[in-house]
Amino acid sequence: MSRITIAENNSIVIPLDMLRKKNLVPGDFLTVEDVNGELVLRPVKPVASLTVKPATIDSKSLNAAISRKNLGIGIQYIKGIGPKLAVLLEKREIRTVEDILYLIPLRYEDRRQLVPISLLCPGRSAVFSATVMTADVATTRSGRRVFEVLLRDESGTIACKWFNSNAVWMKRIWNVGRVGVFSGEVSQFGYQREVHHPDVEWLPEGGDLKLLLASDPANYGRIVPVYPLSEGIHQKTMRRVMREAIDRFLPNIECILPVEFYPPDLPSLRDALDCVHAPPPEADLAELNLGATSAHKALAYDEFFFWELGMALKKRGVLLEKGISFKVTHRYTKELARLLPFDLTTAQRRVLAEIKSDMMAVHPMHRLVQGDVGSGKTLVALMAALIAVENDYQVAIMAPTEILAEQHWHTIHRWCAQMGLEVTLMTAGLKGKAKKEALERIADGTARIVIGTHAIIQEKVEFRNLGLGVIDEQHRFGVLQRGFLKKKGTNPDILVMTATPIPRTLAMTLFGDLDLSVIDEMPPGRIPVETKIFFESRRTQLYDMIRDQVRSGRQVFVIYPLVEESEKTDLKAASQMAEHLQTAIFRDLRVGLLHGRLNPAEKESVMASFTLREFDILVSTTVIEVGIDVPNATLMVIEHAERFGLSQLHQLRGRVGRGKEKSYCILMTTGKLSEDGEKRLRVMESTGDGFRIAEADLEIRGPGDFLGTRQAGMPDFRVANILRDGSLLEKARRAAFDLLERDTELSGPDHASLYNELLRRWGKRLELATIG
């Protein structure tokens, strides 16, 4: 049974469950009384005249249990958070005191002074005092009913509107002649300025306006934070709760980064959090809203530092592991070079030299190879694979889709067959006897190179001696898949490839534990693809272009975003449009159809037919986004181009321009473009440089959507933004790697807490214990 006991040093030891039952945490006042020989805990409210000191609590066991000095305890310990509010906050994954302290404001409003109505500016939030002149239900031109109020002060009038409100209830509150303080964003519709759903504080009849404002310092007379909240939580409630959390728990925030690795121009974490939630009167509103204050930077630096420390540890872990030291005999690599009808580019040779150096080293290779569409990454990967094969090791090449795996198999099998090397395809579509035979050939080592999808890392697949794992299009896989592939051998080398150029800051964040190589040169003779935006009015011209290309002996891709049309969207779809093009537009041409719902054999049959020129036009979904190589295709038409991301558009465009003839990419759009949609298409039209496109994509979409965050292993930064804080990221990375250089095990007296904090924050995401 849980009991209060007295330790030898006369301190009172109180079990954690007893504290929780009483809703007590360290710092609360309490008394412990002896009742019939049993120690009983009684909480007391601290008052100014009370001179009794709180009982001494053995903090070692208590603090360990409640995690890092109160920060890990539930939000129900914060005054003002009851069960209902706790449930609403949990929808935003706010469960602990730390979670709520790091709920950073979405934006800020300037409520330092009241603004006359005549000076209210559209597009800005403001606070003003006014009197209700009229209040009633109105009907808009579209027939929508709104509750509308006209407010007046000495300088002018402004309308306030509520949509979907209870008119009867609103009329009871919005009495003509009532005076209040209002806040909200001002909009302009025609000649009329409006505020929709404003916050209001009513002035008691005969009350003093200055006293009202002074009585609510959390919401008036200062720059106020606006938080990202779930439906049902009011900003006022959140500000009150946050003030309580700050006042009570902020002293528990500690910066455990060593002073020499923390920028001297940044405030402490404690001061930074205080400033972010309660900006000082002199704060710059624009800087606050950009997240560019020194307080925001301090919090961002702290996040970046621990993430990069994890990357540094992973990288060091690889360096400490004993790997395979391959010997480069050139038995197969020279033979392949002789078979190739072209020479490797300078960039391919440079990257291959970096890979060879890694593979000859005693520790495992962990290298990322970036190369734009058509830069020759597959050939570089094959050369690396042949080095492993020369040393009697097997190679696994993992691709994200069956069609890309099959494409790799065709390319690599064609060359390897001439050298007497067996290449096996392993995908989820492989069944029965064929699958059994493939598994046997992999297990006994007959299959020297195994190409497949995630099926390669299934438990049933056993390699005789895996020496190299190649992961293509890494952003399609999470960190875990890299780890599973690694476990198929004894510390095999890992080569990661991507045709999606990754901006420097994103590469440091996602792949900071990998060495980086870039194939920044295209094979000679490649002619840039000319890209044009066509609106629907130019469809006849487009069809003429298609006919011209086919008449010249060329082939055409036509891409649609959907397989089949839906009632919920007006987008054209591949299946219906393939039929329409064949029966109504190009009766004399041969139209094929390819999409993800076809089984692997059907997909292979369609692609083979297109490659053999049995189709003039291939209508497809984005299933052909990567890996398809048809040099005779010279025109790429992308329908509803505004619906695709920049990276996807660039990959699709990369399916043409692979031969010696001039190629074209037409971006078809209805013209109903969002601002971001137009930006994407203009970027595509202006450049073919994959890295410039990637930077633009990152700017438009932000890091959260660039690669598909969670799948790609992108960390869930609470404050840091790799776009805005790129220079901080580099600074934090240098500091983290420098720290690990000085204390390789993080075993110094001041560094043990760093490692524990790192495990707490990022241990699972970074797979620190198992990968690298």
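Predicted model, so just to flag it, every value in this text is computed and none were measured.

Participant: Explain the nonpolar core here, please?
Facilitator: One recurring pattern in soluble globular proteins is that nonpolar side chains are buried together. Formed by 95 residues in total, the largest nonpolar core has its most connected members in I100 and F305. For this core, the leading source of residues is helix α10 (residues 294-320), giving 13 residues. Excluding its chain neighbours within four sequence positions, the residues that come into contact with I100 are I78, I81, L89, I94, M238, V241, M242, A245 and H277. I355, M383, W415 and I449 belong to the second largest nonpolar core, which has 42 residues in total.

Participant: Looking at this model, I keep getting lost on the pairing of strand β17 (residues 466-472). Mind explaining?
Facilitator: Along a regular strand, successive side chains alternate from one face of the sheet to the other. Of all the seven residues making up β17, seven are buried; the element is thus mostly covered by neighbouring parts of the structure. Where strand β14 (residues 394-398) lies against β17, five bridges are found, and the strand directions are parallel. Within β17, the residue paired with V395 across the bridge is L468. Summarising the sheet, β17 and strand β18 (residues 493-498) pair through five bridges and their orientation is parallel. Within β18, the position partnered with I471 by the bridge is V496.

Participant: Help me understand the packing of aromatic side chains in this model?
Facilitator: Centre distance and the angle of the planes are the two values used to describe a pair of aromatic rings. Applying the stated rule across the entire model yields 16 aromatic pairs. When the centroid spacing of 5.2 Å and the interplanar angle of 85 degrees are considered together, the rings of F304 and F717 count as edge-to-face. Of the two residues, F304 sits in helix α10 while F717 sits in the loop between α25 (709-712) and α26 (726-742), which places them 413 residues apart along the sequence. By the burial criterion, F304 is buried, and F717 matches it. On the basis of an interplanar angle of 80 degrees and a centroid distance of 6.3 Å, the ring pair of W307 and F717 is categorised as edge-to-face. Here W307 is found in helix α10, whereas its partner F717 is found in the loop between α25 and α26, with 410 residues between them in sequence. For the pair formed by W307 and F717, the shared burial category is buried. Grouped by ring-pair contacts, the aromatic residues F128, F147, W162, W174, F182 and W202 constitute a single cluster.

Participant: Sorry if this is basic, but what is going on with the packing of helix α21 (residues 646-653) against helix α22 (residues 675-686) here?
Facilitator: Angle between the axes and distance between the axes are the two parameters that describe a pair of packed helices. In contact at an axis separation of 10 Å, α21 and α22 are set at 35 degrees when each is read in the N-to-C sense. Pair α21 / α22 crosses with right-handed handedness. On the side of α21, the interface is formed by L646, L649, H650 and R653, while α22 contributes R680, L681, V683 and M684. For the contact of α21 with α22, a count of residues per class yields five nonpolar, one polar and two charged.

Participant: What am I meant to see in the side chain of D358 here?
Facilitator: Residue position: D358 is located in helix α12 (residues 346-360). For D358, a relative accessible area of 12% translates into the label buried. Not counting residues within four places of it along the chain, the set of residues in contact with D358 comprises H363, M365, R367 and D493.

Participant: What exactly am I supposed to notice about helix α18 (residues 539-551) here?
Facilitator: What sets the pattern is the α-helix's 3.6 residues per turn: residues three or four places apart point alike. With 13 residues, α18 extends 18 Å between its outermost C-alpha atoms, agreeing within 8% with the 18 Å of an ideal straight helix rising 1.5 Å per residue. Residues of α18 that are buried sit in contact with β20 (530-535), β21 (555-559), α19 (574-585), β23 (617-620), β24 (633-638) and β25 (664-669). In the stretch just after α18, G553 is the one whose phi turns positive, near 90 degrees.

Participant: Would you take a moment to explain the environment of R761 for this structure?
Facilitator: Looking at the secondary structure, you find R761 in helix α27 (residues 752-766). Through-space distance from the C-alpha of R761 to that of G310 is 9.8 Å; in sequence the pair is 451 residues apart. Contacts of R761, omitting those with residues within four sequence positions, involve D302, E303 and F306. There is a polar contact of 2.8 Å between the side chain of R761 and the side chain of E757.

Participant: Sorry, what's going on with the sheet that holds β17 here?
Facilitator: Hydrogen bonding along the main chain pairs the strands of a sheet, whether they run parallel or antiparallel. Strand order in the open sheet made by the seven strands is β15-β16-β14-β17-β18-β13-β19, with parallel pairing throughout. Two strands in the sheet have a free side with no partner beyond their single neighbour: β15 (423-426) and β19 (515-519). In this sheet, neighbouring strand axes are inclined to one another by 20 degrees on average, regardless of whether the strands run parallel or antiparallel. Both strand β13 (residues 366-371) and β18 contribute to a ladder of five bridges, which runs parallel. The partner of R367 across the bridge, within β18, is L495.

Participant: Quick question: what am I supposed to make of the sheet that holds β20 here?
Facilitator: Here six strands make up an open sheet; going across it, the order is β20-β25-β24-β21-β23-β22 and the pairing parallel. Whereas interior strands pair on both sides, the edge strands pair on one side only; in this sheet they are β20 and β22 (591-594). For this sheet the average axis-to-axis angle between neighbouring strands, irrespective of direction, equals 20 degrees. Strand direction decides the pairing type here: β24 and β25, joined by four bridges, are parallel. Bridging across to β25, M636 finds its partner in C665.

Participant: I tried to follow the pattern of salt bridges on my own but got confused; where do I start?
Facilitator: When their charged atoms lie close together, side chains carrying opposite charge are able to pair. Here the structure, examined in full by the defined rule, presents 37 salt bridges. Here E303 and R718 are joined by a salt bridge, their closest N and O atoms 3.9 Å apart. Remark: R718 occurs in the loop between α25 and α26 and E303 occurs in helix α10; sequence separation between them is 415 residues. E303 sits in the buried class, given a relative accessible area of 4%. Overall, the relative accessible area of 34% leaves R718 in the partly exposed class. Salt-bridge contacts for D392 lead to R464; the nearest nitrogen and oxygen are separated by 3.6 Å. In this pair, D392 is assigned in the loop between α13 (377-390) and β14 and R464 in the loop between β16 (449-452) and β17, connecting sequence segments 72 residues apart. The exposure class of D392 is partly exposed, given its relative accessible area of 40%.

Thresholds applied
- Residues take numbers from 1 onward in each chain, read along the sequence in its written order.
- Thresholds applied to this predicted model are a pLDDT of at least 70 for local features of residues and 80 or more for the giving and counting of side-chain atom pairs; totals over whole chains, interfaces and linings are not thresholded and use all residues.
- In computing side-chain properties, one takes all heavy atoms of the structure into account and sets aside hydrogens as well as water.
- Working definition of a nonpolar core: buried Ala, Val, Leu, Ile, Met, Phe, Trp, Tyr and Cys residues. They are joined through side-chain atoms within 4.5 Å.
- Here's how the labels work: a residue is buried when its accessible area is under 20% of the maximum for its type, exposed when over 50%, partly exposed in between, all with a 1.4 Å probe on protein chains only.
- Put simply, DSSP marks the helices as runs of H or I at least four residues long and the strands as runs of E at least two long, and each gets a number from the N terminus on.
- The contact criterion used is simple: two residues touch if any of their non-hydrogen atoms lie within 4.5 Å.
- When DSSP finds two or more bridges between a pair of strands, those strands are recorded as paired.
- Any Phe, Tyr or Trp ring, taking Trp's six-membered ring, that has another such ring centre within 6.5 Å forms a pair; planes under 30 degrees apart are called stacked, those over 60 apart edge-to-face, and the others tilted.
- All axes are obtained by fitting lines to C-alpha atoms, using only the stretch in contact for helices, and the reported angles, taken between N-to-C directions, cover 0 to 180 degrees.
- Should the near helix be turned anticlockwise from the far one by less than a right angle, the crossing is left-handed, and should it be turned clockwise, the crossing is right-handed.
- Residues are grouped as follows: nonpolar covers Ala, Val, Leu, Ile, Met, Phe, Trp, Tyr, Cys and Pro; charged covers Asp, Glu, Lys and Arg; every other residue, Gly included, is treated as polar.
- To estimate the expected span of a helix, subtract one from its residue number and multiply by 1.5 Å.
- We call two N or O atoms a polar contact when they sit within 3.5 Å, provided that within protein one can donate a hydrogen and the other can accept it, with sequence-adjacent residues counted only if both atoms are side-chain atoms.
- Salt-bridge detection follows one rule: a side-chain nitrogen of Lys or Arg within 4 Å of a carboxyl oxygen of Asp or Glu.

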